[in-house]
Amino acid sequence: MAPLPETRPTRVFSPADAELARKDVKDPESRSEESEPEEEQDPWDLPELRDTGLKWSDLDTKGKVLRVLKSIVKFILLLGLLYVFVCSLDILSSAFQLVGGKAAGDIFQDNAVLSNPVAGLVIGVLVTVLVQSSSTSSSIVVSMVSSGLLEVKSAVPIIMGANIGTSVTNTIVAVMQAGDRNEFRRAFAGATVHDFFNWLSVLVLLPLEVASGYLYRLTKLIIDSFNIQTGADAPDLLKVITEPLTKNIIELDTSVIRDIATGDPAARNKSLVKIWCKTEKITVRMCKLVNKCTHMFVYANLPDLAVGLILLALSLLALCTCLILIVKLLNSMLKGQVAVVIKKVLNTDFPFPFAWVTGYIAILVGAGMTFIVQSSSVFTSAITPLVGIGVISLERAYPLTLGSNIGTTTTAILAALASPGETLANSLQISLCHFFFNISGILLWYPIPFTRIPIRLAKALGNRTAKYRWFAALYLILIFLLFPLLVLGLSIAGWQVLVGVGVPVVVLAIFVVVVNIMQKRCPRFLPSFLRSWDFLPKPLHSLKPWDKVVTAGMSFCRTRCCCCCKCCKEKEKDEEKDDMKTKDKTLEMYDNPALTIEDEAKVKVTATHL
């Protein structure tokens, strides 16, 4: 009798198993309990930087010495990268001045347009974006006021616009952290909280200033009340460190931009690249010797635009590289107990009832650090990657950013105190207008937690850009370039055109904001068709169709480029194969052991003929 084949035991499903399978189908989340906390995790929570290495107590003497040496080397590398990062920001500012500095001077020339406060605001934004420095645009405004070409009242909206334009640098820095989705979410929110604070402050304070002139009246009262004397120049602590490197790369003559703005026709033909650097040398004849500068473009016969584009590419490359390496180094250094200590120091509030004091101390710290480095762009760009990797929370970065706004105005006040006596009053009044504008904005958007709207708006924008990363580039182009250019064009066309186009747009924007709030809070008070935006075409209320278009366009470009590369590579491979075949044939001719001596001689003759 033949043996029966072995059969695997079949499992009989009980009703309990069927019920369990039914629950799994209905509730797939119950099957993966481990993934449930990941889904519910708040992306805005600071990540835990865990220490993957051995504990300090588990190391022997050699291991402890090596760890200390590694930490010292990493710290030195971090300082070096921060130095190159700050220098690249300086070079980036110089590149933007070379590319658009003369255009910025031309923009300031039209006094009829500058008398319009809305036009003055967007001109301040555009000029600061072009020259990448609020101090440069503010100095142009001060020189125009001092020379009598511009009144202080007309200069106040331009100063407000310069306050907005200076925040574009840290937004660019945040875009460079788009590799990790959550890091990009936090970094972009940490950068754009500065933008929202500036724009919201302008939306409230610019109409108030136009209606009442409170900034002008307040600063005029202060200047008239105190007998202010000319003081020393503002301290220049950061340039003492960065100039040895940046001075050998490029030096600019920024007085050319001011001369163009003040209407000097000879300045239009001058180059922004400084060629002659004055060095006073007292000799026997008491003469002044003028030597050529030592930077790398002094002997290059290139136009300003070409030099600016070269520096723009190099500075962006250095900025991206330094930022990536800084984030990697910080991720490797901030682990274990170090991360716990830093997070506690930076993000922990004072005990009750003094918890409210913590934010104001952070504002003072931001103001002090900005005063030391002499640039709000450098300070905010330095804390942006820290927000991205989760060392500083967004709620703590907000008061630090507000403090940097105050710090950059105190530097301008000290610089104004160094002005000569005849221009001291106007220069100081504009600097005080800038200072009290930021103080007024802080009083509006910080003391009461409910009024900290910029944080909520920055989080919403961070979530949107984390989902659709291309939206970050669109935001930069739209907010800092296209929108100011559109408003400037309407302002040049006249008040009637600006009001006729602007008022309906503003009313529509307010209506959309109110409806969005009511849809979330109290939809029952809305008509049925307004409880959602589904009655509109999908491209008008969702970014998904646009995301498909952008993704398809990028994949098409990638496919075309890859196809071209593949075709070239296939051609090269075919040529290499043909060469290899011919080589193999010749080798077969000479190296085949089956050939006789006579056949081999014949093959040699034919080969020589070939």
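For the structure itself, look to the data block above.
On a predicted model such as this, the values are computed, not experimentally measured, just so you know.

(A) Up close: the overall build of the chain. Helices and strands together make up the secondary structure of the chain, namely 24 helices and two strands. When each of the 610 residues of the chain is scored for burial, the buried share is 38%. Total accessible area computed for the chain in this model is approximately 35,800 Å², and 65% of it derives from carbon and sulfur atoms.

(B) Examining the packing of helix H8 (residues 168-175) against helix H9 (residues 181-212) more closely. Running from N to C, H8 and H9 point in directions that differ by 170 degrees, and their axes come no closer than 9 Å. Relative to H9, the element H8 lies roughly antiparallel. Contacts between H8 and H9 involve Asn170, Thr171, Ala174 and Val175 from the former and Phe184, Ala187, Phe188, Ala191, Thr192, His194 and Asp195 from the latter. Looking at the contact of H8 with H9 residue by residue, the classes come out as six nonpolar, four polar and one charged.

(C) Here's a closer look at a nonpolar patch on the surface. Taken together, the side chains of Phe350, Phe354, Trp356, Tyr360, Ile361, Val365, Met369 and Ile372 make up a nonpolar region of the molecular surface, amounting to roughly 770 Å² of accessible area. By the secondary structure assignment, Phe354 is in the loop between helix H14 (336-347) and helix H15 (357-373).

(D) Summary view of the packing of aromatic side chains. For the coordinates displayed, the defined rule picks out twelve aromatic pairs. Arranged with centres 5.7 Å apart and planes meeting at 75 degrees, the rings of Phe188 and Tyr475 form a pair that is edge-to-face. Highlighted residues: Phe188 in helix H9 and Tyr475 in helix H20 (residues 470-493), separated in sequence by 287 residues. Neither Phe188 nor Tyr475 differs from the other in exposure class; each is buried.

(E) How the structure looks around the packing of H20 against helix H21 (residues 495-521). Orientation of H20 relative to H21, taken along the N-to-C sense of each, is 135 degrees, at an axis distance of 5 Å. Judged by the inter-axis angle, H20 sits oblique to H21. Residue-level contacts link Val487, Leu490, Ser491 and Ala493 of H20 to Val497, Leu498 and Val501 of H21. Of the residues belonging to the contact of H20 with H21, the class tally is six nonpolar, one polar and no charged.

(F) Looking closely at a positive patch on the surface. Residues Arg464, Lys467, Lys538, Lys544 and Lys548 make up a contiguous surface patch of positive charge. At the level of elements, helix H19 (453-467) and helix H23 (544-591) are the ones that each hand at least two residues to the positive patch. A relative accessible area of 45% places Lys538 in the partly exposed class.

(G) Fine view of the pattern of salt bridges. Throughout the structure, instances matching the rule amount to one salt bridge. Taking the shortest distance from any N to any O, the salt bridge between Glu395 and Lys459 comes out at 3.0 Å. Residue Glu395 is located in helix H17 (residues 394-417), and its partner Lys459 is located in helix H19; the two are separated by 64 residues in the primary sequence. Overall, Glu395 belongs to the partly exposed group, its relative accessible area being 39%. Its relative accessible area of 23% is what places Lys459 among the partly exposed residues.

Definitions and limits used
- Residues numbered from 1 in each chain as written.
- Predicted model: local features only at pLDDT ≥ 70, side-chain atom pairs only at ≥ 80, totals over all residues.
- Heavy atoms only, no water.
- Helix = DSSP H or I, 4+ residues; strand = E, 2+ residues; numbered from the N terminus.
- Buried < 20%, exposed > 50% of the residue type's maximum accessible area, 1.4 Å probe, protein only.
- Areas by Shrake-Rupley, 256 points an atom, 1.4 Å probe, with all protein chains shown as cover.
- Axes fitted to C-alpha atoms, helices over the stretch in contact; angles between N-to-C directions.
- Parallel < 35°, antiparallel > 145°, perpendicular 65-115°, else oblique.
- Contact = heavy atoms within 4.5 Å.
- Nonpolar A, V, L, I, M, F, W, Y, C, P; charged D, E, K, R; others polar.
- Patch = residues over 30% accessible without salt bridge, like charges linked within 9 Å, V, L, I, M, F, W, Y side chains within 5 Å.
- Salt bridge = Lys/Arg side-chain N within 4 Å of Asp/Glu carboxyl O.
- Phe/Tyr/Trp six-rings, centres within 6.5 Å; stacked < 30°, edge-to-face > 60°.
- Lys, Arg positive; Asp, Glu negative; His and termini not counted.
- Charge placed at Lys NZ, Arg CZ, Asp CG, Glu CD.

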